[in-house]
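As a plain string of letters, each chain reads:
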Amino acid sequence: MAMSYKDTELTLGLPGEGSRGYSTGGGVYGELMKRGFIETLDDPHDLDLLSSTGEEFRGQVKPEDEQSEAANYSSIRNSTTAVKAPTAKDQVVGWPPVRSTRNKALDSKNLKNISSSKYVKVGADGAPYLRKVDLEMYTSYEELLTAMEKIFTSFTINGKQYMEDDRKQQVLLMKHAVVNGMVEYNQYVLTYEDKDNDWMLVGDVPWKMFKESCKRIRLMRSSESVDSTMLKQILSKFPRKPKSESLDSAGSDSGNNSPILGSGFQCTIGGSSLTSKLNVVKRVSSAVFPASIAAGAEVVEPHLSFKEVSNPQKQNLFISKLNVCCEIIDSSDPVKQDLKRETLIELVDFVSSGSAKFTEPAISAMCKMCATNLFRVFPPKYRSNFTGGETEDEEPMFDPAWSHLQIVYDLLVRFISYSSLDIKVAKKHVDHSFIVRLLDLFDSEDPRERDCLKTILHRIYGKFMVHRPFIRKAVSNIIYRFVFETERHNGMSELLEIFGSVISGFALPLKEEHKIFLWRALIPLHKPKSVGIYHQQLTYCVVQFIEKDPKLASTVIKGLLKYWPVTNSQKELMFLSELEEVLEMTSMDEFQKIMVPLFRRIRCCLNSSHYQVAERAHLLWNNEHILNLIGHNRQVILPLVFPAIERNTQNHWNQAVLNLTMNVRKMFCEMDEELVLACQCKLEEEHIKSNSAAEKRRITWERLETAAGVQPVVACNFLAPIKPSTCPVVC
């Protein structure tokens, strides 16, 4: 009888359920039926394969009824009449064919337990089929593994060990078989996927948690679950025993067919026996599955490269390398020094790549490493006893350990500047003690180190806002000690350079704290002899204050006059340069408050015998703003400076100074010629009075000499009284 395409068409439906019929030739095929679950089994005994108790399920075909039931099913398949739908317990659909476990769950008497079932799929690498198991049917990992052995009889599952403490199931400890230092790849590891889509080892968590989080189970090859890099780390952490001992132990266990709860075990599955000497490793899932590596920081060797470890392990390796670099290497061991230098370079590259995550342990390790390598006391023999630090004529001294210090400073700069650094966590470790010791390093003789410190302190001040008042106070204390006690410090210019940018960021109106810093710290810095080293930075700071608050100009000028040098010409030149910058920022009102004492000092500078001082004082009139201030107050200023100008025109030895003096006199004549003439007349009158007084003084001395020469000298034991002269003596 020929069959058409419709006769061979596959249809969906419940087992035993009717389908539409088709007429072909001389007969009509009955309603086509999807074959039932029992028809897929060659041996009905297979229905008990997954039973954890070994009992027969209700509604299952018994062995003594095999022939009758087979006959019944045969008649059903050959029947051309309609067949009644099977009972509820037979209406099971889907692929793969479910076995007695699901039939039991669908038993009418156990329908109330359906809601408590938890079916998960089970697969194996290399197996062409999947299975489903109900985790609610098992009470421990041992029962689950026994069921897995029955399902996948041709696969060797990796060994297991169970521990009980106070009748509570503990975490299953998985073992890796090690033979002569190599992991055997012909074994399978039982793994599962949790709710977070992470693959974990079965047994890594308590049984109850495993049942709640398991989504599916997989028998994974060991060669796929562990990559080459992670294997090296695992093997390096295994405690090694002599080869003979391992072989003896393995041989002694060869006759045992049951799992051994000791250092070795034998597992027999499907007739195949495997005996291995295993070492128990805590948290093996941390090594096999990178998602849970955070708890296994101790397994990372610090001498490994960042390229040799997985991404989750890099953070632990980063901390390990920082801890290794905390060791101080003596200069007599160049091998260890080179190794430490290479480790520091690796750390800098790792932080520069942006892969580092500065958690609290990493921040703590970083600060500890920097403190150990950087914070030190400088030997006093390197400091000069006569100068206040490094002078312009002296050559700078370089630290012989700079090749290592430079890398540490570079790492610290990158750490402070890291974009994702949590300031709330970092401030616990970059605390006041850390900042004070960092400030002490500014006294270093090496200018390269001071330059790095300048960058670091500036970024700490910018990022750690909570530390700003403390930094200002600490720097003020350094300045006080320098000005009033030691007058020796090598890093004053770097500190003032930092504060130049800090002052420019002060909010208005200025706080009283900031004004006190100007009065008590910055202005007294003009006193030390070594002011020339940091005078440029000091002037910038002072000008920044006046830009913020012009009313401070008079205070600054009074401070300059207080510390004005008398015998140091080079220092006097610096003061004149700073004075010009300050006067450019000075308003008319503030200028009038200090112009009298100021131009009395400038008058002395105009008549200075040091030509550079006199020349620099005359150049103040070339500044338009200063000239404008003088022009508006010429009635007061010109009488003060005109005598000095006239004196220079008459007897100054330097021609350049004479030319500048004539230019200044010409400027005054252009401003107010009448005032110049009045000053000149007054000066001439004073000159006449002075000459008259000098002439009288000369005559008086002559009369005194004459009177003294008239009296004879008498040799006697007493002095004869001298009669007073009749002419008065005018002195």
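On a predicted model such as this, the values are computed, not experimentally measured, just so you know.

What counts and how
- Residues numbered from 1 in each chain as written.
- Predicted model: local features only at pLDDT ≥ 70, side-chain atom pairs only at ≥ 80, totals over all residues.
- Heavy atoms only, no water.
- Helix = DSSP H or I, 4+ residues; strand = E, 2+ residues; numbered from the N terminus.
- Buried < 20%, exposed > 50% of the residue type's maximum accessible area, 1.4 Å probe, protein only.
- Contact = heavy atoms within 4.5 Å.
- Areas by Shrake-Rupley, 256 points an atom, 1.4 Å probe, with all protein chains shown as cover.
- Phe/Tyr/Trp six-rings, centres within 6.5 Å; stacked < 30°, edge-to-face > 60°.
- Lys NZ or Arg CZ within 6 Å of the ring centre and 35° of its normal.
- Expected span 1.5 Å × (residues − 1).
- Arc of directions from axis to C-beta.
- Pairing = 2+ DSSP bridges.
- Axes fitted to C-alpha atoms, helices over the stretch in contact; angles between N-to-C directions.
- Salt bridge = Lys/Arg side-chain N within 4 Å of Asp/Glu carboxyl O.
- Core = buried A, V, L, I, M, F, W, Y, C linked by side-chain atoms within 4.5 Å.
- Polar contact = N/O pair within 3.5 Å; in protein donor to acceptor, adjacent residues only side chain to side chain.

K.L.:
Before we go on, may I ask you to explain the overall build of the chain in this structure?
P.N.:
Assigned secondary structure in the chain consists of 28 helices and 13 strands. Counting the 731 residues in the chain, one finds 42% classified as buried. By sequence separation, contacts in the chain at least 24 residues apart represent 66% of the contacts at least 6 residues apart. Roughly 40,800 Å² of accessible area belongs to the chain as shown, and the carbon and sulfur atoms make up 53% of that amount.

K.L.:
Could you clarify how one ought to interpret the packing of aromatic side chains in this entry?
P.N.:
A ring pair, where both rings are aromatic, is described by two values, the distance of the centres and the angle of the planes. For the structure on display, the rule yields 19 aromatic pairs. Between tryptophan 402 and tyrosine 409, the aromatic rings sit 6.0 Å apart at their centres with planes inclined by 35°, giving tilted as the arrangement. Accessibility classification places tryptophan 402 together with tyrosine 409 in one group, the buried group. Seen from their ring centres, phenylalanine 591 and phenylalanine 599 are 6.1 Å apart, and the 85° between their planes marks the pair as edge-to-face. In this structure, phenylalanine 591 and phenylalanine 599 share a single accessibility class: buried. Chaining the aromatic ring pairs together yields one cluster made of Phe306, Phe318, Phe350, Phe358, Phe415 and Tyr418. A cation over an aromatic ring shows up here: arginine 218 above the ring of tryptophan 199, its NZ or CZ 6.0 Å from the ring centre.

K.L.:
Would you take a moment to explain helix H11 (residues 334-352) for this structure?
P.N.:
Side chains of residues three or four places apart in an α-helix project in the same direction, reflecting 3.6 residues per turn. Taking 1.5 Å of rise per residue, 19 residues should cover 27 Å, and H11 covers 27 Å from first to last C-alpha, within 8% of that figure. Those residues of H11 that fall on the buried side of the exposure criterion are Gln337, Lys340, Thr343, Leu344, Leu347, Val348, Phe350 and Val351. Buried residues along H11 cover an arc of 165° about the axis, so they all sit on one side. Projecting away from the buried face of H11 at angles above 90 degrees are the exposed residues Val335 and Glu342. On its buried face, H11 sits against helix H10 (311-324), helix H12 (360-374) and helix H13 (402-416). At the exit of H11 stands glycine 354, carrying a positive phi of roughly 85°.

K.L.:
Would you mind showing me how to read the environment of glycine 354 here?
P.N.:
Along the chain, glycine 354 falls in the loop between H11 and H12. Its relative accessible area of 48% is what places glycine 354 among the partly exposed residues. Along the backbone, glycine 354 and tyrosine 418 are 64 residues apart, and their C-alpha atoms lie at a distance of 8.4 Å.

K.L.:
How should I be thinking about the side chain of glutamate 580 in this particular structure?
P.N.:
Residue position: glutamate 580 is located in helix H22 (residues 569-584). Exposure remark for glutamate 580: the relative accessible area of 15% places this residue in the buried category. Ignoring any residue separated from it by four or fewer positions in sequence, one finds glutamate 580 in contact with Arg616, Leu620, Asn623 and Ile626.

K.L.:
It is not clear to me how the sheet that holds strand E3 (residues 119-124) should be interpreted in this structure. Could you clarify?
P.N.:
Picture the strands of a sheet paired through backbone hydrogen bonds; they go either parallel or antiparallel. As summarised here, the arrangement of the five strands in space is E4-E3-E11-E9-E10, forming an open sheet in which the pairing is mixed. If you trace the sheet from one side to the other, it starts and ends with strand E4 (131-134) and strand E10 (199-201), each paired once. Taken over all neighbouring pairs, the strand axes of this sheet differ in orientation by 35° on average, direction set aside. As paired elements, E3 and strand E11 (residues 216-221) share four bridges and run parallel to each other. What sits directly across from valine 122, in E11, is isoleucine 217. Docked against the sheet, helix H4 (residues 141-151) engages E3, E4, strand E9 (188-193) and E11, running at close to 155° with respect to E4.

K.L.:
Looking at this structure, I do not really get the pattern of salt bridges. What am I missing?
P.N.:
Where charged atoms from two side chains of opposite charge come close, those side chains can pair. Under the definition given, this model contains 18 salt bridges. Glutamate 513 is the salt-bridge partner of arginine 472, the closest N and O atoms lying 3.0 Å from each other. Taken together, the positions of arginine 472 in helix H17 (residues 468-486) and glutamate 513 in helix H19 (residues 512-522) put the pair 41 residues apart, joining distant regions of the chain. By relative accessible area, which is 38% here, glutamate 513 ends up partly exposed. Across the pair glutamate 695 and arginine 698 runs a salt bridge whose closest N-O atoms are separated by 2.3 Å. Of this pair, glutamate 695 and arginine 698 both sit in helix H28 (residues 673-710), three residues apart, which is roughly one turn of the helix. Judged by its relative accessible area of 36%, glutamate 695 falls in the partly exposed class. In this structure arginine 698 comes out as partly exposed when scored by relative accessible area, which is 39%.

K.L.:
Can you help me understand the nonpolar core in this one?
P.N.:
It is characteristic of soluble globular proteins that their nonpolar side chains tend to be buried jointly. With 123 residues, the main nonpolar core has Phe318, Phe358, Met369, Phe415, Leu522, Leu525 and Phe599 as its most contacted residues. Examining the composition of this core, we find that ten residues originate from one element, H13, more than from any other. Residues contacting leucine 522, with those up to four places away along its chain left out, are Leu496, Ile503, Phe517, Leu538, Cys541 and Phe545.

K.L.:
I'm lost on H17 in this one. Help?
P.N.:
Counted at 1.5 Å a residue, the expected span for H17 with its 19 residues is 27 Å, and the 26 Å between its end C-alpha atoms agrees. Within H17, the full set of buried residues consists of Ile471, Arg472, Ala474, Val475, Ser476, Ile478, Ile479, Phe482 and Val483. Turning to H17, the residues buried within the fold contact helix H15 (432-440), helix H16 (447-463), helix H18 (492-504), H19 and helix H20 (531-548). Among the residues trailing H17, glutamate 487 stands out with phi positive, at a value near 55°.

K.L.:
Explain the pairing of E3 here, please?
P.N.:
Where E3 and E4 come together, four bridges link them in antiparallel fashion. By the bridge assignment for E4, valine 122 is matched with arginine 131. With antiparallel pairing between neighbouring strands as the criterion, E3 and E4 make up a hairpin whose turn holds six residues, including glycine 126 at a positive phi of roughly 95°.

K.L.:
Help me out: how do you make sense of the environment of histidine 652 in this one?
P.N.:
Structurally, the position occupied by histidine 652 is in the loop between helix H26 (634-651) and helix H27 (655-671). Accessibility expressed as a relative area gives 10% for histidine 652, which makes it buried. A sequence separation of 38 residues divides histidine 652 from alanine 614, and the C-alpha atoms of the two residues are 10.0 Å apart. The residues touching histidine 652, leaving out its near neighbours within four places in the chain, are Ser608, Ala614, Arg647, Val657 and Leu658. In terms of polar contacts, histidine 652 uses its side chain to reach the backbone carbonyl oxygen of serine 608, at 3.2 Å. A distance of 3.0 Å separates the side chain of histidine 652 from the backbone nitrogen of asparagine 654, its partner in a polar contact.

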